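Take a look at the letters that make up each chain.
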Amino acid sequence: IPEPSTDFKSGFVALVGRPNVGKSTLLNALIGQKIAITSPVAQTTRNRLRGILTLPHAQIVLVDTPGIHKPHHLLGQTIVRNAIGAISSVDLTILMVDGGDRMGSGDRFVAETILQSKAPAILGVNKIDKLTDGGAEIIASYESFAAEHGWQVVQFSATTGAGLAELQTIMCDRLPLGPYYYPPDLVTDQPERFIMGELIREQVLLLTREEVPHSVAISIDQVDEQPKITRVMATLHVERDSQKGILIGKKGQMLKEIGTKAREQMQKLIMGAVHLEIFVKVQPKWRSSRFQLADLGYRP
Ligand code: GDP
Ligand code: K
Ligand code: MG
């Protein structure tokens, strides 16, 4: 790790907000690489994940968090507690909202949580590419909410990239002088294995419906890096036989599609060839079992 210059800035910035406002998409856009999975499904992100953005004059450690929502089981409680915990230990919190909508009760709940923690925050209005005629009014309502609390407002689109340079400047301005927390070439604190599991889970989220994606946990059981190909063995853990049936699909079609698409993503991640084998295993009520949650990488 290099010695920072005397004016080098660094720190931690948490991305928080209700599900689906685009937190993980923003993380990937700022880092310039896909390290967090995204989907139109709420609760896509289950773990806190750090993305490291190293600039010539600053290092911004972005903390992606699961959407804050009302939890229904131990997995849900664990997820929300982790998200709230992230706020208390960072230099800046970005409350992200969907600029296509007005501020709703879900956004207010998250805002309350941030205000209670007294953490420094700004309001990030994402998805401005969706703004149409009523846009000015929506933005004005966010501006007035932010003004009440002395928060700065930044507008951007994580998918088109509009406004991201300004967001980056604002984050740098708000960070203290500090060291390199991570080596400059590192983009995430998570091991490759974790991201591989997430890339499989992303396909489950995109290809299956309703309760199925929420009932799945992935374990990467083996990664064997051979000279020309990396062989990966993974297991999908589900709660019921019916879910196993859906994931395998007619004549194995569903599992095949999940595998093919996840493998393409994995190849981009490791920049090399991947052979992927996926198994499906029924593990009743894993989401409510402390022991099994821990085993699958969710610390209750
Ligand atoms: P998260 O739950 O807050 O992490 O949200 P995700 O990053 O998973 O994104 C949720 C959905 O919003 C995905 O379908 C994204 O493609 C979409 N999305 C994210 N950012 C933007 C944006 O700037 N504009 C538009 N139109 N869609 C976006
Ligand atoms: K999502
Ligand atoms: Mg997310």
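On a predicted model such as this, the values are computed, not experimentally measured, just so you know.

**A few points about the sheet that holds strand 3 (residues 58-64)**
Item 1. The strand order 2-3-1-4-5-6 describes an open sheet built from 6 strands, whose pairing is mixed. Either end of the sheet is taken by a strand with one partner, and the two such strands are strand 2 (49-54) and strand 6 (152-155). Within the sheet, the average angular offset between the axes of one strand and its neighbour, ignoring direction, is 25°.
Item 2. Where strand 1 (residues 9-16) and strand 4 (residues 92-98) come together, 4 bridges link them in parallel fashion. Looking at strand 4, one finds that Ala-14 is bridged to Thr-93.

**Here we look at the coordination of the magnesium ion (ligand 3)**
Item 1. Looking at the magnesium ion (ligand 3), the protein donor atoms are Ser-24 (OG) and Thr-45 (OG1), and they sit 2.0 to 2.2 Å from it.
Item 2. Metal-to-metal, the separation of the magnesium ion (ligand 3) and the potassium ion (ligand 2) is 4.8 Å. Residue Ser-24 is located in helix 1 (residues 23-31), and its partner Thr-45 is located in the loop between helix 1 and strand 2; the two are separated by 21 residues in the primary sequence. With respect to class, Ser-24 is no different from Thr-45; both count as buried.

**Here we look at the coordination of the potassium ion (ligand 2)**
Item 1. Taken together, Asn-20 (OD1), Ser-39 (O) and Val-41 (O) make up the protein donors of the potassium ion (ligand 2), found 2.6 to 2.8 Å from the metal.
Item 2. Along the chain, the residues that donate to the potassium ion (ligand 2) are spaced as N-x18-S-x1-V.
Item 3. Accessibility expressed as a relative area gives 22% for Val-41, which makes it partly exposed.

**Concerning the sheet that holds strand 9 (residues 274-282)**
Item 1. With respect to topology, 3 strands assemble into an open sheet ordered 7-8-9, the strand pairing being mixed. Either end of the sheet is taken by a strand with one partner, and the two such strands are strand 7 (217-225) and strand 9. The mean inter-strand angle of the sheet, taken between neighbouring strand axes irrespective of direction, is 15°.
Item 2. Looking at chain direction, strand 8 (residues 230-238) and strand 9 are connected through 9 bridges and run parallel. Each residue of the ladder has a partner; that of Leu-236, found in strand 9, is Val-280.

**Thoughts on the site of ligand 1**
Item 1. In the vicinity of ligand 1, 17 residues are found, and the nearest of them are Asn-20, Gly-22, Lys-23, Thr-25 and Asp-129.
Item 2. Ser-24 places a polar main-chain atom, nitrogen or oxygen, 3.0 Å from an oxygen atom of ligand 1.
Item 3. One of the backbone nitrogen or oxygen atoms of Ala-158 is found 3.0 Å away from an oxygen atom of ligand 1.
Item 4. The fraction of the free accessible surface of ligand 1 (580 Å²) that becomes covered by protein chains is 84%.
Item 5. In terms of residue count, the dominant contributor to the shell around ligand 1 is helix 1 (3 residues).
Item 6. Residues that form the shell around ligand 1 fall into these classes: 4 nonpolar, 9 polar and 4 charged.

Rules used throughout
Residues numbered from 1 in each chain as written. Chains lettered and ligands numbered in written order. Predicted model: local features only at pLDDT ≥ 70, side-chain atom pairs only at ≥ 80, totals over all residues. Heavy atoms only, no water. Pairing = 2+ DSSP bridges. Helix = DSSP H or I, 4+ residues; strand = E, 2+ residues; numbered from the N terminus. Axes fitted to C-alpha atoms, helices over the stretch in contact; angles between N-to-C directions. Donors = N, O, S within 2.8 Å, 3.2 Å for Na, K, Ca; no water. Buried < 20%, exposed > 50% of the residue type's maximum accessible area, 1.4 Å probe, protein only. Near = heavy atom within 4 Å. Polar contact = N/O pair within 3.5 Å; in protein donor to acceptor, adjacent residues only side chain to side chain. Areas by Shrake-Rupley, 256 points an atom, 1.4 Å probe, with all protein chains shown as cover. Nonpolar A, V, L, I, M, F, W, Y, C, P; charged D, E, K, R; others polar.

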